[in-house]
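Spelled out from the first residue to the last, the chains are:
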Amino acid sequence: MAVGTLTDIATRLVIAGYILAVVLVCVHASSNWDKDDDLVATFEVSAVLGRTASLPCDIEPSTREDRVYMVLWFRDYAVKPIYSFDVRGRAFNKALNWSDSNAVGPRAYFVTVTKPAALSLEAVQLDDEGIYRCRVDFKKSPTRNFQVNLTVIVPPHQLLIYDSSGVEVDKTAGPFQVGMEFGLSCEVRGGKPTPIVSWLVNEKEVDGRLEEIGQNIVVSKLTVPQLRREHRNTMYKCRAANTNLIPPLEKSVLLDIYLKPLSVKILSKLSVLETDKNYSIGCETAGSHPRARVTWLKGNVPFRNVKVLDDGNSSVVLSTLIFSPIPDDNSQILKCRGENPELPGAYLEDFFQLNVVFPPKVQLHLGSTLKAENIKEGDDVYFECKVRANPEHHKITWRHNGAVLTQNYSAGIIMSTQSLVLQSIGRDNAGNYTCLASNDRGETTSPVVPLRIQFAPVCKTSPTVIGASLEESVKVRCEVDADPNEVDFVWEFNNSGENFEVAPAKLDNNNGTMSELIYTPVSERDYGALTCWGRNAIGKQETPCTYHVIPAAKPSPLNNCTIKASLNQSSEILEVECVPGYNGGLPQEFRLEAYEVASGYLRLNVSSVSIDLPIFRIAVADLLPATHFYLVAYAVNAKGRSEVFLLEDIMLRDSEKHTDSGVSMIPLILLLIGCLMACLIAVLFVMMMIYRRRGSTSPAHIEPYMKQPIITPPDSRNNSMLDVTHGDHTYFVEYTLKQVTDYALNKQPDIIQSPQDQEKMKREPQLFLPVRPDTLFAPYDIHKQGLQTNRCNLNPFSTRPWEPISFKADRNLMKEIIIANSIPGPESCV
């Protein structure tokens, strides 16, 4: 027999067994249904035809220790369920759902994420209406029963609107005329239960009249006895609804009415018109529908030889008449007429009488006794404004650079009939001057007259601080405002003890209003104030430009750096905060770099989030997957970088929390494989160290920013042993990777006896190296200093007088010295 056939038979047997179990449970449920009938809770649920119905069923157990076993759904009073939700013997999220294909089929699905849970029935049909029962079986609690009465609602399917003559209205009703009677009928077809029909006028509900009710047809009428102007553009809406589950069925129509103009207005009735000048006169007509037609008349005759422009919208029309008046137009009546082209005789007019004159003609001149090219600070100047107007002018306004001038004797501004006098002028009085003359018919501004005022140099910038190191040349730029701009400069230097003029040979550039000085301080006395004086044809600069030269150097290193972790909404953040040092006399910036301990690879380079304080923020996600780092913080200014502040042994932990309660063998297998690989790597590494110790001459590995050399252990674990071979004997050094600040607290033994033969192990003198007391706690710094000064001796203490140090007195120091002296020396020394 084929394998597929056996599989099918097995599957059918499983399904048959499951169905038998469901039937037995159903029979039991049916037998208990009548017993608990008085305890059944009933829910009323409505659903729209074709939409989704949600039948509630509370499956929450009464106690936390209890759990749901099975949920059964029945239709009416049938004993066979139409749907089951089976949790027996499986996780809740893997419950077995079964649906009767003859009842609800794939349209039903039990939703447990809502409270209460509900049976979702899609594409509701008319025959779905009826009573549904829900039975909930628990592990401990008594069985719970619910009853749901489902009502299927059929919304109306068609809505039509007709006018009073029986013509169907689509979007617009009319046009009608003011005073007529107006009526609309709304016919709604279909719907169960019978829909309610309502009228809304401009979204406000009004009462209609229910005219007749036929089989599945409802008619409602709305009547307006007399149309008024305000009824135009009224929105009439008919709405039919029989449920709140879906939006109602509705239709809107807009009312259109013919209207005559409400107003005609000439916008600019000029009392005075000038000859030989073009004018634009506007006329606005409002309230006409459709759009009004505008006509211009002179007397009762259409205005000829003119240009008319029309603008506006459907209800407001703006007509502009453009013409140039002539003397014959004086005293004529200019009319503007607006009329509705669909309503003959429905028009309005506006008019005014023309009066042709001319506005002032204005000219402005500098005083006739003055020469514009010779005016300077401290002089007196005056202007003359000449005006010709009809009628006579009655006011003159003076302006300087667009700002209105007012008479001020204390400021030296004096105004007479047609003159402006400025006494003892300064450079701020320079600029453009105009005068404005007005009469009863208008005002005119004169052409601009510029006033140039020559003045001695004035510094452009405020006192400036310049940082410079000894023997460093800096460029100092002095820039002034002056008129004329041909300026000669003189530089002076002064400090607390002396004041002298800078030699012209040090001037790098002198061009117009700018001079540059190359200044080089060679001693502490060269720090002080540089002053720059300018002189032009008007005179010498009154107040010099000042530049303070101060010593500048690299900034001092940061100190007291601390680390704290915080958790924001999206990621974990490491925040490093330090105390800044002296800025070296120049603005400084703060930076931080993160290096991997294992490889020395630079992972991150960030700047301070604050300009004034060294505060750094690092996202942990930017450092992963590596977990062991050291941080380097320093300050930078224009002179260079400070020494670094080192933060060592930064260890990132895995903060992920696992919620799965089950135990998987895969992580254990992976852990075992990792341990085996780690052991293999450790053996290989020890062999390489032995080989290198016997024959290699590779240089010691020292990180560029670390104050102490980095000794790479043969094992990546925190607690390890390092074997040190000396002669025919082997010593084992037990060490723990700690921060430098923890060395003083370490009380564990570091050097232990050989596990092979503890009694025969000799007390080698190599364990007692010559160490001076003042270098007792800094063996790495001296070792590093020896490398930096190109000394080949890796034992920096061998040339100094010493006394033996007991192993028990300072085992940490001996461990460091043994490790440091076990590293092969450099291949070469320069």
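Residues numbered from 1 in each chain as written. Predicted model: local features only at pLDDT ≥ 70, side-chain atom pairs only at ≥ 80, totals over all residues. Heavy atoms only, no water.

Q: Run through the overall build of the chain, naming residues and quoting values.
A: Secondary structure assignment for the chain yields four helices and 55 strands. Of the contacts formed within the chain by residues at least 6 apart in sequence, a portion of 64% connects residues at least 24 apart. Summed over its atoms, the accessible surface of the chain is roughly 48200 Å², and 53% of this surface lies on carbon and sulfur atoms. (Helix = DSSP H or I, 4+ residues; strand = E, 2+ residues; numbered from the N terminus. Contact = heavy atoms within 4.5 Å. Areas by Shrake-Rupley, 256 points an atom, 1.4 Å probe, with all protein chains shown as cover.)

Q: Residues and numbers for the pattern of salt bridges, please.
A: Under the criterion given, the structure shown has 29 salt bridges. Of the charged contacts, one joins Glu516 and Arg477 as a salt bridge, the two residues approaching to 2.6 Å between their closest N and O atoms. With Glu516 in strand β42 (residues 514-519) and Arg477 in strand β38 (residues 474-483), the pair connects residues that are 39 residues apart, well separated along the chain. In this structure Glu516 comes out as buried when scored by relative accessible area, which is 5%. What emerges from the salt-bridge pattern is a single network uniting Glu203, Lys237, Arg239 and Glu250. (Salt bridge = Lys/Arg side-chain N within 4 Å of Asp/Glu carboxyl O. Buried < 20%, exposed > 50% of the residue type's maximum accessible area, 1.4 Å probe, protein only.)

Q: Explain the state of the cysteines residue by residue, including any values.
A: What is meant by a disulfide is a covalent connection between two cysteines, made through their sulfur atoms. Under the criterion given, the structure shown has seven disulfides. The side chain of Cys186 participates in a disulfide bridge whose partner is Cys238; the two sulfur atoms lie 1.8 Å from each other. Where Cys186 bonds to Cys238 through sulfur, the torsion about that S-S bond is close to -80 degrees, and the disulfide is left-handed. Within this pair, whereas Cys186 is found in strand β12 (residues 182-189), its partner Cys238 is found in strand β17 (residues 235-241), the two being separated by 52 residues in sequence. Accessibility assignment for this pair places Cys186 and Cys238 in one class, buried. Shown here is the disulfide that connects Cys283 with Cys336, its sulfur atoms set 1.9 Å apart. Since a negative S-S torsion denotes a left-handed disulfide, the Cys283-Cys336 link at about -90 degrees is left-handed. Separated by 53 residues along the polypeptide, Cys283 in strand β20 (residues 279-286) and Cys336 in strand β25 (residues 333-339) bring together distant segments of the chain. Note on Cys336: relative accessible area 0%, which makes it buried. For the unlinked cysteine Cys675, the closest cysteine sulfur is that of Cys679, found at 6.7 Å. (Disulfide = S-S within 2.5 Å.)

Q: Tell me about the nonpolar core, and please be specific about residues and values.
A: One finds Val71, Trp73, Phe110 and Val136 to be the most contacted residues of the largest nonpolar core, which totals 29 residues. The set of elements that each furnish at least two residues to this core consists of β1 (41-48), β2 (53-57), β3 (68-75), β4 (83-86), β6 (108-111), β7 (117-121), β8 (130-138) and β9 (144-153). Ignoring anything within four residues of it in the chain, the contact list for Phe110 reads Ile59, Val71, Trp73, Tyr83, Phe85, Asn97, Ala117, Ala118 and Leu119. (Core = buried A, V, L, I, M, F, W, Y, C linked by side-chain atoms within 4.5 Å.)

Q: Residue-level account of unusual backbone geometry, with values.
A: That bond from Lys192 to Pro193 is cis: its omega, 0 degrees, falls within 30 degrees of zero. The residue Pro193 is located in the loop between β12 and β13 (196-201) in this model. Cis rather than trans, the peptide bond between His289 and Pro290 has omega equal to 0 degrees. Looking at where Pro290 falls in the secondary structure, it is placed in the loop between β20 and β21 (293-298). Phi at Asn233 takes a positive value of approximately 65 degrees, unusual for a residue other than glycine. Secondary-structure assignment places Asn233 in the loop between β16 (217-224) and β17.

So, to be careful, I would describe these as geometric facts and stop short of saying anything about function.
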